[in-house]
Structure formats: structure tokens, C-alpha cells
Amino acid sequence: EAGVTQSPTHLIKTRGQQATLRCSPISGHTSVYWYQQALGLGLQFLLWYDEGEERNRGNFPPRFSGRQFPNYSSELNVNALELEDSALYLCASSFRGGDEKLFFGSGTQLSVL
Amino acid sequence: RKEVEQDPGPFNVPEGATVAFNCTYSNSASQSFFWYRQDCRKEPKLLMSVYSSGNEDGRFTAQLNRASQYISLLIRDSKLSDSATYLCVVNRPIYNQGGKLIFGQGTELSVKP
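Okay, so let's go over this structure. None of the values given here were measured: they were computed from a predicted structure.

### Details of the overall build of chain B
When helices and strands are counted, chain B shows zero helices and 11 strands. If you list the helices and strands of chain B from N to C, you get β-β-β-β-β-β-β-β-β-β-β. Its C-alpha atoms give chain B a radius of gyration of 14 Å, within 12% of the compact-globule value 13 Å for 113 residues. For chain B, the C-alpha atoms occupy an extent of roughly 50 × 30 × 25 Å along the three principal directions. In chain B, of all internal contacts separated by at least 6 residues, the share reaching a separation of at least 24 is 56%. For chain B, the accessible area works out to roughly 5,600 Å², and carbon and sulfur atoms hold 47% of it. Both charge centroids of chain B, one from 13 positive and one from 11 negative side chains, sit 5 Å from each other.

### Digging into the state of the cysteines
Inspection of every chain in the model, using the stated rule, returns two disulfides over all chains. One disulfide bridge connects A:Cys23 with A:Cys91, the sulfur atoms lying 1.8 Å from each other. One disulfide, between A:Cys23 and A:Cys91, carries an S-S torsion of -60° and so falls in the left-handed class. Taken together, the residues span a long stretch of sequence, with A:Cys23 in strand 3 (residues 19-24) and A:Cys91 in strand 9 (residues 87-94) at a distance of 68 residues. Disulfide pairing is shown between B:Cys23 and B:Cys88; the S-S distance is 1.9 Å. Here the S-S torsion is close to -75°, and the disulfide linking B:Cys23 with B:Cys88 is therefore left-handed. Here B:Cys23, found in strand 3 (residues 19-25), pairs with B:Cys88, found in strand 9 (residues 84-92); they are 65 residues apart in sequence, far enough to count as distant. Judged by its relative accessible area of 1%, B:Cys23 falls in the buried class. Residue B:Cys88 is classed as buried on the basis of its relative accessible area of 0%.

Rules and cut-offs
- Residues numbered from 1 in each chain as written.
- Chains lettered and ligands numbered in written order.
- Predicted model: local features only at pLDDT ≥ 70, side-chain atom pairs only at ≥ 80, totals over all residues.
- Heavy atoms only, no water.
- Helix = DSSP H or I, 4+ residues; strand = E, 2+ residues; numbered from the N terminus.
- Rg over C-alpha atoms; globule rule 2.2 N^0.38 Å.
- Contact = heavy atoms within 4.5 Å.
- Areas by Shrake-Rupley, 256 points an atom, 1.4 Å probe, with all protein chains shown as cover.
- Lys, Arg positive; Asp, Glu negative; His and termini not counted.
- Charge placed at Lys NZ, Arg CZ, Asp CG, Glu CD.
- Disulfide = S-S within 2.5 Å.
- Buried < 20%, exposed > 50% of the residue type's maximum accessible area, 1.4 Å probe, protein only.

Printed below as a string of C-alpha cells:
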């Protein structure tokens, strides 16, 4: 069974550009979570989607947004990139909303130059 | 005060040593607790859930003290392969939404030959 897959693995952008990160959850999982992990820091909660709807978001500006598609895959968009957005972006899925056993993808390393 | 606080690292121990990690959480309404393991710049993986009665999985023992809002992880007979960052994870209840997981900063463990 395939795990959580994320693409691309690495992404290099310049300040002011937009980045799109993608995530496919484990088959049968309906919830997708996005976390940011800056170098040397812990995971910071970004967004939670379940059954196609945004259920919760963390303390991030509105230029961080996303969506979940009918097949439960998800996209994270970051507009007007800033240098401090450089981080590892991790996607996780769970069997259902509120199910707290998360399975993570290997992440997208975003570098903003 | 951070919602989830862990011992600062790194912990450098010889093979065969016993090592303990501590974690405190601030939200007394939290109901679910976990330890995740993260290898260098890879995705976190669930190590074990933490139950009120304490639980053991081979060389790993997790304890929860609700009164003190304190969680611990004990690793006995450390192996080189135990070298990783250990993340304390606590659920933040959200009314009618199941809640979301808050990750601690992590404690780095390095097991030396």
C-alpha cells in the first residue's frame, strides 16, 4: 500500500513568487494536514482538511492557503514568498477527521532565494 | 509559555545506556498524547501512543502524569539506531472538531558506540 506522497521533493523559488505543493494521502484516508518545519525548529501546524473542507488553520498569514480535492488529495499554495518561508513542508493524512494517528509524507523542501 | 515543552537536547549517550525524555503540556483539556520519532530531515513517524496507565513497547516505556501535565519516554539498552529526534505530541481539543496535534520542538538523541 502506498504511503503519503508529496511533490515536488525540492522547490526553489525567489521572493515574491508563488509556490504550489501537492500531497496524496494514503488510500482510504480522508483527512490531510499540512505542517511547516523550519530548520532547527519544531513542526508548526498550518492547515487541516477533511472531506474537502478546511477544518482548522494555524497562525499563518492568509497568503498560505490550500484546498482538498474530491479524491482527498491536497494542494498547499504560498503566495508572495518571503525568505522566511524556506522550510520543509510536511503533509500527513489520517483515516478520518480527528483520528490522531498521523502518517507523514517525506516532505517538500522549499527554498526561497 | 509553549503549549508543549521538551527537554533541550542533544542527549549524547553510549550504547546500552538508559535515557529518559520529559515533556510538559499546558492545556489541561488535552486527552491524547504521543511520541513520534524523526530522523534527520525526514518525516516524523509514530513511535507510540501514551496511555494514562503507562505503556511499554519493547525497550520503550511511556508514562503520563495528568496531574502534573507531564509525559515521559524511557529508552532502555540504547542502540545506535535509536539516534534521532524524539517529538512529544499533544492533542489540543477543539470543540466539535476532534482537535489538532501540537508538536514539541523535539529532543535530539545521539547514541555513540
